[in-house]
Structures are given as structure tokens and as C-alpha cells.
Amino acid sequence: SPVSLFRCYAPAFVISFSALSTTAGGPKLYEIAEDKLGMDKRVFEFWYPLSTAILSTSTGSALVCAAFFAACYNGAAITPSWLIICLLLAFQLSVTSPRMPGGILASYTILFGQLGIAGDVVGLVFAANFLWENVRTGLGMLVKGIDITDLALRENALPEDSVEKYFRKQAADR
């Protein structure tokens, strides 16, 4: 169940949340996937670097949410063309944003400029970003854990009942 997976990968979330880095949570994610769930390490060793380098879903969603907030704050019209530009740019910027704390900040200014959103709201979004960055990073790690588990199950690289076995063992140890 999704709740079981969230509980399983919670230690990786806590590390990523507190360190503001999905890279910091990577070793814990690896430990959980391989040692505790019994995942084939080849799946993780291929998938994790690829997922970290190519796409951050939390960056894209943060950009889209910030664009909607900024447009509403400034009273800008949200048209179908605005929405298409927003989504395309958010995807492109989520791929190119640096994977480090504050790396998304330049992407906000690019996105807002292309959408015609006044620059005065950028400071407000920057301030909110420092609060949101920890949550976004931690959630990104949870998404990575769930994604790798799903991939491993589809590729028969993880026993289907391994998550349940892990929790039964945790309960028995208490």
C-alpha cells in the first residue's frame, strides 16, 4: 500500500528534508531498497543516477504552483496559451535547474519573465521558496523511493511481498 511505502522510505525523507538535498538521502534510499526490501541492486544502480540527473518532478510542480500564485497575486489572466507556455517551460526548467539548494531561484525569474508576470512578486516567491525547499526535497525523495519500488516490481527485481515482510519484521522487533 502507499502508506506502507511512505513509512518504509521515511528515513530517507527525513535525511533529505533536514539536509535540503536528495543526494544526502540517496545512501539511505539505497540501504532501504537493497538491504531491507531485497531489491536487485542493478535496478537501483541504473535508475537512481538517471532519475537524479534527468528530471525532478518536484521542481516542475513547484514552478507551476509558483506561476499560478504569482499570476493570481498580480491579477494576470490565465489563458490556454499561458497555461501551455507555463507547463512547457516548467518541464524544461525542471530538467535544467541545478540540483542544489536555491537552484530553482533563477528558474522562477525566467518563468515569470516569459509569462509576463511582474517582477515584484519574485521576492515573495523567493522567500516562500526557502520554506518550501525542505518539504519539496523530502517529498522528492519519497517519490524516488516509490518510483524505484514500482520499477523493481514491474521488472521482477523485488519480491512482491517484501514491503509487507519488512513491516512485519519491524513490528516483531518492537
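Residues numbered from 1 in each chain as written. Predicted model: local features only at pLDDT ≥ 70, side-chain atom pairs only at ≥ 80, totals over all residues. Heavy atoms only, no water.

**What about the environment of Ala62?**
(1) Moving on: The topology assignment puts Ala62 in helix 5 (residues 57-74).
(2) Moving on: Under the relative-accessibility criterion, Ala62 is labelled buried at 4%.
(3) Moving on: With 70 residues separating them along the chain, Ala62 and Trp132 place their C-alpha atoms 8.6 Å apart. (Helix = DSSP H or I, 4+ residues; strand = E, 2+ residues; numbered from the N terminus. Buried < 20%, exposed > 50% of the residue type's maximum accessible area, 1.4 Å probe, protein only.)

**Some thoughts on the state of the cysteines**
(1) Moving on: Under the criterion given, the structure shown has 0 disulfides.
(2) Moving on: With no disulfide of its own, Cys65 has Cys86 as its nearest cysteine by sulfur position, at a separation of 9.2 Å. (Disulfide = S-S within 2.5 Å.)

**Remarks on the pattern of salt bridges**
Where charged atoms from two side chains of opposite charge come close, those side chains can pair.
(1) Moving on: Counting across every chain of the model gives 4 salt bridges.
(2) Moving on: In this structure, Glu31 engages Lys28 in a salt bridge whose closest nitrogen and oxygen atoms are separated by 3.3 Å. With Glu31 and Lys28 both in helix 3 (residues 22-36) and 3 residues apart, the pair spans about one turn of that helix.
(3) Moving on: On the accessibility criterion, Lys28 (21% relative accessible area) is partly exposed.
(4) Moving on: Measuring nitrogen to oxygen at the nearest pair gives 2.7 Å for the salt bridge that ties Asp40 to Arg42. (Salt bridge = Lys/Arg side-chain N within 4 Å of Asp/Glu carboxyl O.)

**Quick notes on the nonpolar core**
(1) Moving on: Ranked by size, the top nonpolar core spans 22 residues in total, and within it Tyr108, Leu111, Phe112 and Ile117 carry the most contacts.
(2) Moving on: Elements with a minimum of two residues in this core: helix 5, helix 6 (80-96), helix 7 (105-115) and helix 8 (120-154).
(3) Moving on: A total of 7 residues in this core trace back to one element, the largest contributor, which is helix 5.
(4) Moving on: With residues up to four places along the chain from it excluded, the contact list for Phe112 reads Ala66, Ala67, Ala70, Ile117, Val121, Val122 and Val125.
(5) Moving on: By size, the runner-up hydrophobic cluster in this structure holds 21 residues, among which are Leu29, Val43, Phe44 and Trp47. (Core = buried A, V, L, I, M, F, W, Y, C linked by side-chain atoms within 4.5 Å. Contact = heavy atoms within 4.5 Å.)

**Brief notes about the confidence of the model for the protein**
(1) Moving on: Per-residue pLDDT for the protein has a mean of 82; in total, 94% of the residues score no lower than 70.
(2) Moving on: Here helix 9 (residues 162-173) is the element of the protein with the lowest mean pLDDT, 72, and helix 6 is the one with the highest, 90. (pLDDT = per-residue confidence, 0-100.)

**Points about the packing of aromatic side chains**
(1) Moving on: Tallied over the full model, the rule gives 9 aromatic pairs.
(2) Moving on: Both rings, one in Phe44 and one in Tyr48, keep their centres 5.3 Å apart while their planes meet at 5 degrees; by these two values the pair is stacked. With Phe44 and Tyr48 both in helix 4 (residues 41-54), this residue pair falls 4 residues apart, about one helical turn. By the burial criterion, Phe44 is buried, and Tyr48 matches it.
(3) Moving on: Each ring, one from Tyr108 and one from Phe112, has its centre 6.1 Å from the other, and the planes form 35 degrees; the classification is tilted. Taken together, the residues span about one helical turn, with Tyr108 and Phe112 both in helix 7 at a distance of 4 residues.
(4) Moving on: Overall, the relative accessible area of 2% leaves Tyr108 in the buried class.
(5) Moving on: Cluster of aromatic residues (ring-pair linked, three or more members): Tyr30, Phe44, Trp47 and Tyr48. (Phe/Tyr/Trp six-rings, centres within 6.5 Å; stacked < 30°, edge-to-face > 60°.)

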